[in-house]
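Letter by letter, the chains look like this.
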Amino acid sequence: MVPFDRQEYSRPFATDQVLDTRLADAGLPAESSTWRVLTIAAGWLLLLFVGAYLITPASILPLVMSDLHITEATAAALVSMPQVAATVIGIPVGLYLDRVETRAAVPVAAAVLFVGSTGDWMAASRGTVSLLIASRLLAGVGMFVLWVVSINVASSSVPPTRRATATSVIISGYPAGYAVGQLATPRVAAVVGWPGVFPVFGVAVLVTSIAFYVAVGRVSRSRASTEPMTLSGFTHVLRNRNVWSVVAVTILGYSLYMVFNSWMPTYITRRFGVSLAESGAFVALFPAVGILARPAGGWLSDTVCAQRRRPVFAVSFVGATVLAAFMFHSTTIAVLVALLVLAGVFIQLQIGLMYQSIREFVDPRAAGTAVSLASVAGWLGSFVAPVVAGELIAIAGTAAVLFLLAIGLGVAGTVVVWQMAESGESPAPA
């Protein structure tokens, strides 16, 4: 086996071009476009319900804190427990899934999430916080597998020229799920009680996974044959400064995203005296704009910026920082919600681009590992940020501290982007 060259890991690689060439050489048989569309649609819905399940506690945090007698930080941790599981198992699972037939993993992972959601319902009904944390962790294992497999399967089900589009569309299902969760959770909780919301979304994930499994089985897929990565290759990835720059951007970007997404319903309720259902409806707009913003970020980078990634990252962080400062001083709910929607657009321009950027810094054989690192970084940021925000709210006694935290994250992200290399530029001759 040819060892990895250390110098090759210090500059960008044309990873997608290499893999696309392999896929093009292998060829994709003529298939009914209907089944390909159904595959993408089923994957999109699957990630939608996964996202809705994940964000469920955020829209009803006051109810959760009151019924379970827990603090803001503990309540925020319940939102982020699935990300903890993803952070722990992400890299080994990503490496494994990148080298095996993954279609059969879809219903299995969905069943794991469903079992976890049922455990959520039982634990919340009994007021057992420790069991609720454990069941959310279990569901997180299924969540991560579904995230990775949905993207890989959907992207391999279309010709190479459409793979970026398919991936962008699939990823946009996740913020749509956050929007559905923020909007629907208070209303569903009014009917079945807030503990019953968890298995509602768990059932939706299970049913949609079966539809996805069936659709994928009707579509021919191409798989790029890559050599298994060696320990030496993995070590070179970990020593790559550019990889860690993207990891830092991913942590900060997702942290910024989750600070707003997890605590804004509570802030709006306390600040303006509206109901949880009303605040959830307002905040649902924040992730919902990602349905368009995430694909738009990839399009801007590839088309307007000539495949450069740093300009989009910079615009994302700078725009979000400025808007957070304006939100801090806003005095009316209409202005706050308008600024929140704009912040959702800016923040989510870079989500999706992160995974492409980190792939371009490594050898094609290490692409799966690179994407796993970015995914784990995203989950880590998604977990830590709401907990830190909860602690700051408890210390400061006001939810307005959220905006100061967001400004700090935005400034930090801008600094990292300023010093990082450009992954999208063509590599210089060796």
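Above this text sits the structure in question.
Residues numbered from 1 in each chain as written. Predicted model: local features only at pLDDT ≥ 70, side-chain atom pairs only at ≥ 80, totals over all residues. Heavy atoms only, no water.

Caption draft 1: Inspection of the overall build of the chain at higher detail. In terms of helices and strands, the chain carries 18 helices and zero strands. Classification of the 430 residues of the chain by burial places 55% in the buried group. Within the chain, counting contacts between residues at least 6 apart in sequence, those at least 24 apart form 85% of the total. Of the roughly 16400 Å² of accessible surface on the chain, a fraction of 68% belongs to carbon and sulfur atoms. (Helix = DSSP H or I, 4+ residues; strand = E, 2+ residues; numbered from the N terminus. Buried < 20%, exposed > 50% of the residue type's maximum accessible area, 1.4 Å probe, protein only. Contact = heavy atoms within 4.5 Å. Areas by Shrake-Rupley, 256 points an atom, 1.4 Å probe, with all protein chains shown as cover.)

Caption draft 2: Expanded view of a nonpolar patch on the surface. Residues Val 191, Val 192 and Val 200 make up a contiguous nonpolar surface patch of roughly 270 Å² in combined accessible area. Looking at where Val 191 falls in the secondary structure, it is placed in helix H7 (residues 163-192). The exposed category is assigned to Val 191, whose relative accessible area is 70%. (Patch = residues over 30% accessible without salt bridge, like charges linked within 9 Å, V, L, I, M, F, W, Y side chains within 5 Å. Salt bridge = Lys/Arg side-chain N within 4 Å of Asp/Glu carboxyl O.)

Caption draft 3: Just the nonpolar core, in detail. Grouped together as the largest cluster of nonpolar side chains are 112 residues, with contacts concentrated most on Trp 147, Phe 260, Met 264, Tyr 267 and Leu 402. The element best represented in this core is helix H10 (residues 241-272), accounting for 15 residues. Setting aside chain neighbours within four positions, we find Phe 260 in contact with Pro 265, Val 283, Phe 286, Ala 324, Met 327, Leu 340, Ile 347, Phe 403 and Ala 406. (Core = buried A, V, L, I, M, F, W, Y, C linked by side-chain atoms within 4.5 Å.)

Caption draft 4: Examining the packing of helix H2 (residues 33-55) against helix H8 (residues 197-217) more closely. Two numbers describe how H2 lies on H8: the axes approach to 8 Å, and their chain directions differ by 160 degrees. When the axis of H2 is compared with that of H8, the two are roughly antiparallel. Where H2 crosses over H8, the handedness of that crossing is left-handed. For the pair formed by H2 and H8, the contact residues are Trp 35, Leu 38, Thr 39, Ala 42, Gly 43, Leu 45, Leu 46, Phe 49, Val 50, Ala 52 and Tyr 53 on the first element and Phe 198, Phe 201, Ala 204, Val 205, Thr 208, Ser 209, Ala 211, Phe 212, Ala 215 and Val 216 on the second. In terms of residue class, the contact of H2 with H8 is built from 17 nonpolar, four polar and no charged. (Axes fitted to C-alpha atoms, helices over the stretch in contact; angles between N-to-C directions. Parallel < 35°, antiparallel > 145°, perpendicular 65-115°, else oblique. Left-handed = near helix turned anticlockwise from the far one by under 90°. Nonpolar A, V, L, I, M, F, W, Y, C, P; charged D, E, K, R; others polar.)

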